[in-house]
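Fold and contact review
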Amino acid sequence: MAALEEEVEDQERFSYEQRLKAAVHYTVGCLCEEVALDQGVQFSRQTIAAISEVTFRQCENFAKDLEMFARHAKRSTINTEDVKLLARRSNSLVML
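Just so it is clear, the model here is predicted, and its values are computed rather than measured. (Residues numbered from 1 in each chain as written. Predicted model: local features only at pLDDT ≥ 70, side-chain atom pairs only at ≥ 80, totals over all residues. Heavy atoms only, no water.)

On to the packing of helix H2 (residues 45-72) against helix H3 (residues 80-89), then. In the contact formed by H2 and H3, the axes pass within 9 Å of each other and the chain directions differ by 125°. Our classification of the angle between H2 and H3 gives oblique. Crossing hand, H2 versus H3: right-handed. Residues Phe 62, Asp 65, Leu 66, Phe 69 and Ala 70 of H2 touch H3, and the partners they reach there are Asp 82, Val 83, Leu 85, Leu 86 and Arg 89. For the contact of H2 with H3, a count of residues per class yields 7 nonpolar, no polar and 3 charged. (Axes fitted to C-alpha atoms, helices over the stretch in contact; angles between N-to-C directions. Helix = DSSP H or I, 4+ residues; strand = E, 2+ residues; numbered from the N terminus. Parallel < 35°, antiparallel > 145°, perpendicular 65-115°, else oblique. Left-handed = near helix turned anticlockwise from the far one by under 90°. Contact = heavy atoms within 4.5 Å. Nonpolar A, V, L, I, M, F, W, Y, C, P; charged D, E, K, R; others polar.)

Below, the structure is given as structure tokens:
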């Protein structure tokens, strides 16, 4: 019985992740379309898919780091201090 519940939970997690990936892909596509119109360039489907995948993976890494920062501080909730720590670890975010 526990194996069946675990399998259902895995399927739900997979489905949720697929919906998140689809949302990221859609958003990246919209942003690329906006840049294409503004800059007069075009993005191939493969390029949009690659940008989407990299973006999703980076967000996963950010989420794991934020969880670890909160856990290290013996908290179960991520707060602004964790986000500030994350920003300091990322050169691209430090500039913001």
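Next up on the list: the side chain of Ser 52. With respect to the helices and strands, Ser 52 occurs in helix H2. With sequence-adjacent residues up to four places away left out, Ser 52 is seen in contact with Val 24, His 25 and Val 28.

Shape is all these values report; function is a separate question.
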